[in-house]
Amino acid sequence: MSNQTYKQRDLNAVWHPCSQMKDHEQLPMIPIRRGQGVWLEDFEGNRYLDAISSWWVNLFGHANPRVNDAIKQQLDELEHVMLAGFTHEPVIKLSEQLVAITPAGLNRCFYADNGSSAVEVALKMSFHYWRNSGKESKTRFINLSNSYHGETLGALAVGDVALYKETYEPLLMQPITVPGPDCYQREAGESCHAYSQRMYEHMEAALNEHAEEVCAVIVEPLVQCAGNMRMYDPVYLKLLKDACERHGVHLIADEIAVGFGRTGTMFACEQAAISPDFMCLSKGLTAGYLPLSVTLTTDNIYECFYDDYTTQKAFLHSHSYTGNPLGCSAALATLKIFAEDNVIKQNKRLEEEMRTATMHLRDHPHVGEVRQTGMILAIEMVKEKYSKQAYPWEERRGLQVYRHGLNNGALLRPLGNVIYFMPPYVITPQQIRSLAEIATKGIDHATDY
Ligand SMILES: *Cc1c(COP(=O)(O)O)cnc(C)c1O
């Protein structure tokens, strides 16, 4: 079987995510036969270095023997059982370990099977907590401009990326959207720290005005990934956490993308030394193997639902695959690798390599910024360097880099005009350098430089 045969069969029956299907009249559809480490291989033997961890999920490479073994073992014991009224060892162990490694106070784990659902759980739980507490005026959420929290209607409503949201606006609840701390917008000469601190004033103003009607503030700590990998300083989270406490509003930390070491610490919140009221995790949770997500919360919130059945305070939310044992076993294997291999510390070398390998791009006439937080590095292509004037989106310059990557053995899937690396942690320094070369040529080509 060749790529071509699969491509045709695929296009006859499959509708792909986040795609204009008509693009595939020109754009190759790439059937993947196997994955190994950082590599994906198609049916003609072409290999692609998975620089974006297959949409940010893969942590330790494809076909990782340790994760494979864990899932195989679990498969022969128990593939699934409903989690209402029943439990199993993987979900118990995983919950104990998540409680142990997440910021202090997050003591309860509620499971779902994807990131958007974890966000829905946090939104509903927060609202319901206030209702159970007699605060019925609290029905709204505060979010940041340029934020992303998933695609289901509740999660979409608290996001702010127009590309995904605008069409569905009539269906969505209305959050209070506050201008965010995205440091790309800072003034020339202003530090990211100073800018994040300055932008926080908008949040304080919104809380002053709306706290009575607000359940929670939801943020992506440190990096707004789907919003073009825009970054901000931890000081913002510190100020926000303090304000949420003062104003009697929950803080939801959506670490679905940034959790599990992406920002250089196990969880991004650690860099601000804060504990949110809710933390949503998914993506890297199973090292990119199986759909699983978890919403962690505090004893205080848990206890507000804990009462006699007839008081009708219970959280009656569920998903069919809640706490799936195979997913939990993959997650346990993931946490084991983090501990045994001292991954967070080992990654420092890779972070440094990503920084040095892309250093020259800072001077590129069509690069507005090269920014990095831990294991996430982003390169913003611009039409005009000093004004940071963006290329019109219709020109689809990022798509040219994507094509260039594929033709040169790299899977780079830019977000608009932003090329980024968010690789599996098993990437080598040599592979990082090679990726940087491919990206550089791709950017030269896409910007006619
Ligand atoms: C990917 C993502 C989600 C949604 O997760 P899905 O599993 O795709 O539903 C939510 N929040 C953030 C920050 C994400 O990056």
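Every chain is numbered independently, its residues counted from 1 as its sequence is written. Per-residue local features are limited, in this predicted model, to residues with pLDDT of at least 70; the limit for side-chain atom pairs, both in listing and counting, is 80 or more; totals at the level of whole chains, interfaces and linings are taken over all residues. Side-chain descriptors were evaluated using all non-hydrogen atoms of the structure, hydrogens and water having been removed beforehand.

### Some words on the site of the ligand
Definition of nearness: a residue and a molecule or strand are near each other if at least one heavy atom of the residue lies within 4 Å of the molecule or strand. For the ligand, the full set of nearby residues is Trp56, Asn114, Gly115, Ser116, Tyr148, His149, Gly150, Glu220, Asp254, Ile256, Ala257 and Lys283. Under this definition, polar contacts are N or O atom pairs within 3.5 Å; protein pairs additionally need one hydrogen-donor-capable and one acceptor-capable atom, and for neighbouring residues in sequence, both atoms have to be side-chain atoms. The separation between an oxygen atom of the ligand and a polar side-chain atom of Lys283 is 2.6 Å. Values of accessible area rely on a 1.4 Å probe in the Shrake-Rupley scheme; residue burial ignores everything except the protein chains shown. For the ligand, whose unbound accessible area comes to 380 Å², protein coverage reaches 82%. For this classification, Asp, Glu, Lys and Arg are treated as charged, while Ala, Val, Leu, Ile, Met, Phe, Trp, Tyr, Cys and Pro are nonpolar and the rest, including Gly, are polar. For the shell around the ligand, a count of residues per class yields four nonpolar, five polar and three charged.

### Notes on the sheet that holds strand β1 (residues 32-36)
Strand order in the open sheet formed by four strands is β1-β2-β3-β15, and the pairing between neighbours is mixed. Every interior strand has two partners, whereas the edge strands, β1 and β15 (410-411), have only one. The pairing criterion is simple: DSSP has to find at least two bridges between the two strands. Secondary structure elements follow DSSP: runs of H or I no shorter than four residues count as helices, runs of E no shorter than two count as strands, and numbering proceeds from the N terminus.

### As for a nonpolar patch on the surface
Nonpolar side chains collect at one region of the surface, where Leu153, Tyr168 and Leu171 lie side by side and expose about 310 Å² of accessible area between them. Only protein chains enter the accessibility calculation, which uses a 1.4 Å probe; a residue is then buried when its area is under 20% of its type maximum, exposed when over 50%, and partly exposed in between. Residue classification places Tyr168 among the partly exposed residues on the basis of a relative accessible area of 40%. Here, patches come from residues exposed beyond 30% relative accessible area and free of salt bridges, joined within 9 Å for like charges and within 5 Å for nonpolar side chains (Val, Leu, Ile, Met, Phe, Trp, Tyr). By salt bridge we mean one thing: a side-chain nitrogen of Lys or Arg within 4 Å of a carboxyl oxygen of Asp or Glu.

### Brief notes about the domain arrangement of the protein
Domain start and stop positions are those given by an automatic or database domain assignment. For the protein, the domain assignment lists domain 1 (31-63 + 343-446) and domain 2 (68-341). Just the C-alpha atoms count here: the centres of domain 1 and domain 2 sit 26 Å apart. Contacts are assigned to residue pairs that have any heavy atoms within 4.5 Å of one another. With 34 residues of domain 1 at the interface, the matching set in domain 2 holds 28 residues. With both sides pooled, the region where domain 1 packs onto domain 2 buries about 2700 Å², and carbon together with sulfur makes up 61% of that total. The interface formed by domain 1 and domain 2 includes two salt bridges. The partner of Arg230 in a salt bridge is Glu380, with the nearest N and O atoms 3.0 Å apart. Those elements that provide at least two residues to the side of domain 1 that touches domain 2 are α2 (53-56), α12 (343-357), β13 (367-373), β14 (376-381) and β16 (418-421). Class assignment of the residues belonging to the side of domain 1 that touches domain 2 gives a composition of 18 nonpolar, ten polar and six charged. What gets called buried area is simply the loss in accessible area from a 1.4 Å probe that two parts show on being joined, summed for both.

### Quick look at the packing of helix α13 (residues 397-407) against helix α14 (residues 429-446)
Helix packing for two helices is described by the angle between their axes and how far apart those axes are. The interhelical angle for the contact between α13 and α14, taken along N-to-C directions, is 135°, at an axis separation of 8 Å. Judged by the angle between their axes, α13 and α14 are oblique. The two elements α13 and α14 meet at a crossing, and its hand is right-handed. Judged by residue contacts, Arg397, Gln400, Val401, His404 and Gly405 of α13 engage Ile438, Lys441, Gly442, Ile443, His445 and Ala446 from α14. A class-by-class count of the residues in the contact of α13 with α14 yields four nonpolar, five polar and two charged. Inter-axis angles, ranging from 0 to 180 degrees, are taken between N-to-C directions of lines fitted to C-alpha atoms, where helices are fitted over the stretch in contact. An angle counts as roughly parallel when it lies under 35 degrees, as roughly antiparallel when it exceeds 145, as roughly perpendicular when it falls between 65 and 115, and as oblique in every other case. Take the far helix as the reference: if the near one is turned anticlockwise from it by less than a right angle, the crossing is left-handed, and if turned clockwise, right-handed.

### Focus: the environment of Val223
Within the element layout of this structure, Val223 appears in strand β8 (residues 223-224). Owing to a relative accessible area of 1%, Val223 belongs among the buried residues under this scheme. Taking the C-alpha atoms as reference, Val223 lies 9.1 Å from Asp233; in sequence the two are ten residues apart. Discounting residues that sit within four places of it in the chain, Val223 has contacts with Met229, Arg230, Met231, Tyr232, Val258, Thr263, Thr373 and Ile376.

### Considerations on the side chain of Asp42
Here Asp42 is to be found in strand β2 (residues 39-42). Just so you know, the count uses Lys and Arg for positive and Asp and Glu for negative, and it drops His and the chain ends. For Asp42, which is buried and forms no salt bridge, the nearest opposite charge comes from Arg33, at a distance of 7.5 Å. Here Gly45 takes part through its backbone nitrogen, which lies 3.1 Å from a polar atom of the side chain of Asp42. Of note is the side chain of Asp42, whose polar atom sits 2.9 Å from the backbone nitrogen of Asn46.

### Focus on the pattern of salt bridges
One pass over the structure, following the stated rule, counts 24 salt bridges. We note a salt bridge from Arg355 to Glu352, for which the minimum N-O separation is 3.1 Å. With Arg355 and Glu352 both in helix α12 and three residues apart, the pair spans about one turn of that helix. Given a relative accessible area of 31%, Arg355 falls into the partly exposed group. Take Glu352: its relative accessible area is 39%, and that puts it in the partly exposed class. With its nearest N and O atoms 3.2 Å apart, the salt bridge here joins Asp448 to Arg397. Of this pair, Asp448 sits in the segment after α14 while Arg397 sits in helix α13, and the two are 51 residues apart along the sequence.

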